[in-house]
Amino acid sequence: MAGAISMASPDRRPPWVAEAGEAERVLILDFGAQYTQLIARRVREAGVYCEIHPFNRLDDAAIGGWGAKAIILSGGPASVTESGTPRAPDRVFRLGVPVLGICYGEQTMVQQLGGEVAASDHREFGRAFVDVVGDCALFDGVWAKGGREQVWMSHGDRVIGLPAGFRTVATSDGAPFAAIADEARGFYGVQFHPEVMHTPDGARLIANFTLRIAGCAGRWTMAAFRRQAVARIRAQVGDGRVICGLSGGVDSSVAAVLLHEAIGDRLTCVFVDTGLMRAGESDEVVELFRGHFNIPLVHVEAEGLFLGRLQGVTDPERKRKIIGASFIDLFDAEAAKLGRVDFLAQGTLYPDVIESVSFTGGPSVTIKSHHNVGGLPERMRLKLVEPLRELFKDEVRALGRELGLSEAFVGRHPFPGPGLAIRVPGEVTAEKLALLRLADRIFIEEIRDAGLYDAIWQAFAVLLPVKTVGVMGDMRSYDHALALRAVTSTDGMTADYYPFDHGFLGRVATRIINEVRGINRVTYDITSKPPGTIEWE
């Protein structure tokens, strides 16, 4: 299993590093690309521990003492042809370890080492093909000289002159130096993006870099993360007491079980029943944690509070902030009732952090805020513990299996922290929620009956803020429209719609319209991410 990103200080050595070898560390320098975290995912998939750091946060001394076995330079939105744009610290190229530059990373490496980069009239964005014109260690067992391979490009500038020691190993129509190599120094550059799924062999190329070229053993496992996370929780919490915000989803549940392993009965889970859950979920959560896990649980029924605060609110960002603030208020009140409580635990994941604010401090753009990201208000006495903050969704599932949770549970589709509130564009009301719950239940039932549940990353219904004219029983109707959404993904950062056949969609639409009074039209969302997000708000 893959490793975890950590924003730790340069002189820290995680406990699992000693188990795998002191040098088993890959440093990723971020130049502000939206998908830098996908590079880290590919490194983790190769079983190698890595960390992402902003390109300008580590000076030469810190890079020298960091202990990297290899360094990867990410892409980014800037142009190396302009003054004042990001550059890699010079120590990177004097450290004596392999370096892989990706897109902007290739360009700044070339420029800094004496080559030349220029703006191009022939830009490349999206699917492209490279011609492999030379063999190199990066391509070993993946691409052969003379082949033509699919990649994903996203660049305007291009390399037009190589530094001494480099040779060209792949070209494309828009990038004469689409892949370059200086094998004497272990320096490689690719203009394309191997980290994205649209470069089919990209993960294998990155594995070649980390395992073959850098010589990493690839022994980092989820069992190692579990041991490290337990040790880190104990070190952070000490003899303190923790309340965990439990939503009943996979993330907060895995966080709760991990915390319980670390600190036992000094953990109390607080389940806030917001009234924004799916049909039957509240009862399932209470039974699961009180009956099965035997973890102390406080059940707070707060539907009236949340719906009251959301009354009249239509802006999705305001909804998220109201829900987040309401959670905090309730946790604070419950903590006071429990007596001494020192920490609030949340199931925050890495994609939540990435979409809310640049995890690396770089210039990547906020997509949407998440109710469980960004720390706690100063008035709140509790400190925050987020044991899953460095993991992607599939890694959380792997951790759940490692902790002994059932496959049926860890395989559940993701459910957003704000719940059904962000699946009701416009004002949220009890009436709309009731319609949505029933329609959503029918959709998921049909998916399960068709044997498709595990093939889909996430599926749900969205009650649209429009009414449409219909004909039902020879009578005119004027009722709500509903959108169905189902996507495939590996990590939630990119996604594509699931290609249901029309017969399936027809059956679902017929059931919903017949069984849910108040809905007379059903549509299917075929938007990918990007440009859309998975959720509608």
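Computed from a predicted structure; not experimentally measured.

Looking now at the environment of arginine 158. Along the polypeptide, arginine 158 turns up in strand S6 (residues 148–161). Setting aside residues no more than four positions away along its own chain, arginine 158 makes contact with Gln107, Glu116, Val117, Ala118, Ser120, Asp173, Gly174, Ala175, Pro176 and Gln191. Polar contacts involving the side chain of arginine 158 include one to the main-chain carbonyl oxygen of glycine 174, which spans 3.4 Å.

Between helix H9 (residues 303–310) and helix H10 (residues 316–338), the shortest axis-to-axis distance is 10 Å and the interhelical angle comes to 145°. Where H9 crosses over H10, the two elements pack in a sense that is right-handed. Contacts between H9 and H10 involve Leu305, Phe306, Arg309 and Leu310 from the first element and Lys319, Ile322, Ile323, Ala325, Ser326, Phe327, Asp329 and Leu330 from the second. Grouping the constituent residues of the contact of H9 with H10 by class yields eight nonpolar, one polar and three charged.

With that settled, consider the side chain of serine 326. Within the secondary structure layout, serine 326 lies in helix H10. A distance of 3.0 Å separates the side chain of serine 326 from the side chain of arginine 309, its partner in a polar contact.

With that settled, consider the pattern of salt bridges. Under the definition given, this model contains 29 salt bridges. A salt bridge links glutamate 45 to arginine 42; the nearest nitrogen and oxygen atoms lie 2.8 Å apart. With glutamate 45 and arginine 42 both in helix H2 (residues 36–45) and three residues apart, this pair spans about one turn of that helix. Given a relative accessible area of 42%, glutamate 45 falls into the partly exposed group. Close ionic contact of arginine 212 with aspartate 140 constitutes a salt bridge, the shortest N to O distance being 4.0 Å. Of this pair, arginine 212 sits in helix H5 (residues 202–213) while aspartate 140 sits in the loop between strand S5 (116–132) and S6; the two residues are 72 residues apart in sequence, bridging distant segments of the chain. By relative accessible area, which is 34% here, aspartate 140 ends up partly exposed. Each member of the salt-bridge network shares a partner with another, and the members are Arg441, Glu445, Glu446, Arg511 and Glu515.

If you walk across this open sheet you meet the five strands as S12-S11-S10-S13-S14, and the pairing is parallel. Among the strands making up the open sheet, the edge pair consists of strand S12 (297–301) and strand S14 (383–385). Strand-to-strand twist in this sheet, taken as the mean axis angle between neighbours without regard to direction, amounts to 30°. Sheet analysis places strand S13 (residues 343–345) next to S14, joined by three bridges and oriented parallel. The residue bridging alanine 345 from the neighbouring strand is valine 385, located in S14. Sheet contacts for helix H8 (residues 281–292): strand S10 (242–246), strand S11 (267–273) and S12; angle to S12, the most-contacted strand, approximately 165°.

One rule of thumb: low pLDDT means the predicted coordinates there are not for detailed reading. Averaged over all residues, the pLDDT of the protein equals 86, while 89% of them reach at least 70. The low-confidence segment residues 1–23 (pLDDT under 50) makes 76 contacts with residues lying over four places distant or belonging to another chain. A low-confidence stretch, residues 357–375 stays under pLDDT 50, and its non-local contacts, those more than four residues away or across chains, total 55 contacts.

The next subject is the packing of aromatic side chains. One pass over the full model with this rule turns up 12 aromatic pairs. Seen from their ring centres, phenylalanine 139 and tryptophan 143 are 5.1 Å apart, and the 50° between their planes marks the pair as tilted. As far as the burial class goes, phenylalanine 139 and tryptophan 143 line up, both buried. Ring centres of phenylalanine 443 and phenylalanine 500 lie 6.1 Å apart, and the angle between their planes is 65°; on these two criteria the pair is classed as edge-to-face. A residue pair is termed long-range when its members are at least 10 positions apart, and phenylalanine 443 in helix H14 (residues 430–449) and phenylalanine 500 in the loop between strand S17 (496–497) and helix H15 (502–515) qualify at 57 residues. By way of ring pairs, the aromatic residues Phe443, Tyr497, Tyr498, Phe500, Phe504 and Tyr524 are connected into one cluster. Cation over ring: arginine 397 sits above tryptophan 457, and NZ or CZ is 5.2 Å from the ring centre.

This brings us to the environment of threonine 268. Residue placement: threonine 268 occurs in strand S11. Sequence-wise, threonine 268 and arginine 241 are 27 residues apart; in three dimensions their C-alpha atoms are separated by 8.1 Å. With residues near it in sequence (within four places) discarded, threonine 268 still touches Val242, Ile243, Cys244, Pro296, Val298 and Leu338.

Turning next to the packing of helix H6 (residues 222–237) against helix H12 (residues 393–402). H12 packs onto H6 with a crossing angle of 80° between their chain directions and a minimal axis gap of 10 Å. When the interaxial angle is binned, H6 and H12 end up roughly perpendicular. Of the residues in H12, those touching H6 at Met222, Ala223, Phe225 and Arg226 are Glu395, Ala398, Leu399 and Glu402. Taken together, the residues that form the contact of H6 with H12 break down as five nonpolar, no polar and three charged.

We now examine H6. Compared with an ideal rise of 1.5 Å per residue, which puts 16 residues at 22 Å, H6 spans 22 Å between its outermost C-alpha atoms and is within 8% of the ideal. Residues of H6 that are buried include every one of Met222, Ala224, Phe225, Arg226, Gln228, Ala229, Val230, Ile233 and Val237, and no others. Where H6 terminates, the next one or two residues include glycine 238, which has phi positive at roughly 60°.

Right, let's talk about the pairing of strand S4 (residues 99–102) for a bit. Of the two faces of S4, the one lined by Val99 and Gly101 and the one lined by Leu100 and Ile102 are each fully buried. In the sheet, strand S3 (residues 70–73) pairs with S4 via three bridges, with the strands oriented parallel. Within S4, the position partnered with leucine 73 by the bridge is glycine 101. Bridge count between S4 and strand S9 (residues 187–190): four bridges; the pairing is parallel.

It is worth spelling out the nonpolar core at this point. Counting residues in each nonpolar core, the largest one holds 95 residues, and the members touching the most others are Leu388, Leu399, Phe443, Ile447, Leu482, Phe500 and Ile512. Tallying contributions element by element places helix H7 (residues 250–263) first for this core, with nine residues. Those residues in contact with phenylalanine 443 that sit more than four places away from it in its chain are Ala459, Phe460, Ala461, Leu484, Arg485, Ala486, Phe500, Phe504 and Val508. Ala70, Ile102, Ala128 and Ala175 belong to the second-largest nonpolar core, a separate cluster that totals 40 residues.

The next subject is the environment of threonine 168. As for its position among the elements, threonine 168 is in strand S7 (residues 167–171). Take threonine 168: its relative accessible area is 23%, and that puts it in the partly exposed class. Leaving out residues up to four positions away in the same chain, threonine 168 has contacts with Val133, Leu162, Pro176, Phe177, Ala179 and Ile180.

Procedures and definitions
- Residues numbered from 1 in each chain as written.
- Predicted model: local features only at pLDDT ≥ 70, side-chain atom pairs only at ≥ 80, totals over all residues.
- Heavy atoms only, no water.
- Helix = DSSP H or I, 4+ residues; strand = E, 2+ residues; numbered from the N terminus.
- Contact = heavy atoms within 4.5 Å.
- Polar contact = N/O pair within 3.5 Å; in protein donor to acceptor, adjacent residues only side chain to side chain.
- Axes fitted to C-alpha atoms, helices over the stretch in contact; angles between N-to-C directions.
- Left-handed = near helix turned anticlockwise from the far one by under 90°.
- Nonpolar A, V, L, I, M, F, W, Y, C, P; charged D, E, K, R; others polar.
- Salt bridge = Lys/Arg side-chain N within 4 Å of Asp/Glu carboxyl O.
- Buried < 20%, exposed > 50% of the residue type's maximum accessible area, 1.4 Å probe, protein only.
- Pairing = 2+ DSSP bridges.
- pLDDT = per-residue confidence, 0-100.
- Phe/Tyr/Trp six-rings, centres within 6.5 Å; stacked < 30°, edge-to-face > 60°.
- Lys NZ or Arg CZ within 6 Å of the ring centre and 35° of its normal.
- Parallel < 35°, antiparallel > 145°, perpendicular 65-115°, else oblique.
- Expected span 1.5 Å × (residues − 1).
- Core = buried A, V, L, I, M, F, W, Y, C linked by side-chain atoms within 4.5 Å.

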